[in-house]
Amino acid sequence: MNLDKYDPKQHDLRDYLEDLRIEDRWLLSRINSVVERATRAIEEYRVHEAARLLREFIVEDVSHWYIRLVRPRIWVEENTRDKLAAYTVLYYTLFKWLVMIAPFTPFFAEMIYQEVFRKADPELPESIHLLEWVSVDHEYIDERLEEEMRLIKEVYETSAAARMKAGIKLRQPIRSITVYSDDERV
């Protein structure tokens, strides 16, 4: 984002709703589902579940999956609407996630907030700990899309494991893949 001089104050998520790809809509749905589930867990004093949910989300959903999916869009030299849409979704997601992890990792969250978000928008409150807990944007939640992406991830991970077992590297193309399942949705 820094290399492309992305300024989040100039890019509102609502301006890019028409440009969002499936993976963008999925991430918006996931972060809002995570907000909903983490909030419920904390309110019910199941703090360990909220912490685990937030860790799994940032590692598995954002880092291992979404970043892999949008990497070709980000590597484009010019700032296309497609690329800016991915940046805007990522900024929105990371901000919500950071606010939620602040009670668990206060110093880490504060450092990231100051170095990334406050530098991008100096009008934000002085500390992340002065922000209200994030709210759920229900209009972005799409449970069907989340389930379909979960199935896609499962197929991808299973095929990657089969490739590894066969000694075929991920960058090496294969002609076809056959998926067997008892689940009609697959």
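Computed from a prediction, not measured in an experiment: that's the story for all the values here.

Enquirer: How should I be thinking about the pattern of salt bridges in this particular structure?
Expert: Once their charged atoms are close, side chains differing in charge can pair, the charge on each being opposite to the other. Applying the stated criterion to the full structure yields 16 salt bridges. The shortest N-O distance in the salt bridge between D61 and R30 comes to 2.6 Å. Within this pair, whereas D61 is found in helix α2 (residues 47-74), its partner R30 is found in helix α1 (residues 22-43), the two being separated by 31 residues in sequence. Between R46 and E44 there is a salt bridge, and its shortest N-O distance comes to 2.3 Å. On the basis of relative accessible area, E44 is assigned to the partly exposed category, the value being 44%. Each of R21, E23, D24, R73 and D82 takes part in one network of salt bridges that share partners.

Enquirer: What's the story with the confidence of the model for the protein chain in this structure? I'm lost.
Expert: Here the protein chain averages 93 in pLDDT, and 98% of its residues register 70 or above. Across the protein chain, element-level confidence peaks in α1 with a mean pLDDT of 98 and bottoms out in helix α5 (residues 143-166) with 91.

Enquirer: How should the nonpolar core be read in this particular structure?
Expert: It is characteristic of soluble globular proteins that their nonpolar side chains tend to be buried jointly. Residues Y66, W97, L98 and M100 are the most contacted members of the largest nonpolar core, which totals 45 residues. At the level of secondary structure, the elements contributing two or more residues to this core comprise α1, α2, α3 (81-101), α4 (106-120) and α5. A total of 14 residues in this core trace back to one element, the largest contributor, which is α3. Ignoring anything within four residues of it in the chain, the contact list for M100 reads I31, V34, V35, A38, L54, W133 and V134.

Enquirer: Explanation requested: the side chain of N32 in the structure shown.
Expert: Relative to the elements of secondary structure, N32 occurs in helix α1. For N32, a relative accessible area of 0% translates into the label buried. A distance of 2.8 Å separates a polar side-chain atom of N32 from the backbone oxygen of L28. Setting aside anything within four residues of it in sequence, one finds N32 in contact with Y92, K96, S135, V136, D137, Y140 and I141.

Enquirer: What exactly am I supposed to notice about a nonpolar patch on the surface here?
Expert: Together, I174, I177, V179 and V186 make up an exposed nonpolar region whose accessible area comes to about 330 Å². Within the secondary structure, V186 is located in the segment after α5.

Enquirer: Where do I start with the environment of Y140 in this structure?
Expert: Of note, Y140 is situated in the loop between α4 and α5. Note on Y140: relative accessible area 10%, which makes it buried. Each C-alpha atom, one on Y140 and one on L27, is 9.2 Å from the other, the two residues being 113 residues apart in sequence. Sequence-distant contacts of Y140, defined by excluding residues within four places in its chain, comprise L13, R14, L17, R25, L28, S29, N32 and Y92. Reaching out from Y140, the side chain makes a polar contact with the side chain of R14 at a distance of 3.2 Å.

Enquirer: I tried to follow α2 on my own but got confused; where do I start?
Expert: The α-helix winds at 3.6 residues per turn, so residues separated by three or four positions along the chain end up facing the same way. Compared with an ideal rise of 1.5 Å per residue, which puts 28 residues at 40 Å, α2 spans 35 Å between its outermost C-alpha atoms and falls more than 12% short. Bending of α2 peaks at approximately 45 degrees at the position of I67. The set of residues buried in α2 consists of A50, L53, L54, F57, I58, D61, V62, W65, Y66, V70 and R73.

Enquirer: What am I meant to see in the packing of α1 against α3 here?
Expert: The relative placement of two packed helices comes down to the angle between their axes together with the axis-to-axis distance. The interhelical angle for the contact between α1 and α3, taken along N-to-C directions, is 10 degrees, at an axis separation of 10 Å. Comparing their axes, α3 and α1 come out roughly parallel. Touching D24, L27, L28, I31, N32, V34, V35 and A38 of α1 are A86, V89, Y92, T93, K96, W97 and M100, all from α3. Of the residues in the contact of α1 with α3, the class split is 11 nonpolar, 2 polar and 2 charged.

Enquirer: Please explain the packing of aromatic side chains as it appears in this structure.
Expert: Here a ring pair, both rings aromatic, is described through the centre-centre distance and the interplanar angle of the planes. Counting across every chain of the model gives 6 aromatic pairs. With 6.5 Å between their ring centres and 55 degrees between their planes, Y6 and Y91 make a pair best called tilted. Of this pair, Y6 sits in the segment before α1 while Y91 sits in helix α3, placing them 85 residues apart in sequence. Each member of the pair, Y6 together with Y91, is buried. Members of the aromatic cluster, connected to one another through ring pairs, are Y6, Y87, Y91, F95 and F117.

Thresholds, definitions, all that
- Residues numbered from 1 in each chain as written.
- Predicted model: local features only at pLDDT ≥ 70, side-chain atom pairs only at ≥ 80, totals over all residues.
- Heavy atoms only, no water.
- Salt bridge = Lys/Arg side-chain N within 4 Å of Asp/Glu carboxyl O.
- Helix = DSSP H or I, 4+ residues; strand = E, 2+ residues; numbered from the N terminus.
- Buried < 20%, exposed > 50% of the residue type's maximum accessible area, 1.4 Å probe, protein only.
- pLDDT = per-residue confidence, 0-100.
- Core = buried A, V, L, I, M, F, W, Y, C linked by side-chain atoms within 4.5 Å.
- Contact = heavy atoms within 4.5 Å.
- Polar contact = N/O pair within 3.5 Å; in protein donor to acceptor, adjacent residues only side chain to side chain.
- Patch = residues over 30% accessible without salt bridge, like charges linked within 9 Å, V, L, I, M, F, W, Y side chains within 5 Å.
- Areas by Shrake-Rupley, 256 points an atom, 1.4 Å probe, with all protein chains shown as cover.
- Expected span 1.5 Å × (residues − 1).
- Bend = angle between axes of the 7 residues up to and from the residue.
- Axes fitted to C-alpha atoms, helices over the stretch in contact; angles between N-to-C directions.
- Parallel < 35°, antiparallel > 145°, perpendicular 65-115°, else oblique.
- Nonpolar A, V, L, I, M, F, W, Y, C, P; charged D, E, K, R; others polar.
- Phe/Tyr/Trp six-rings, centres within 6.5 Å; stacked < 30°, edge-to-face > 60°.

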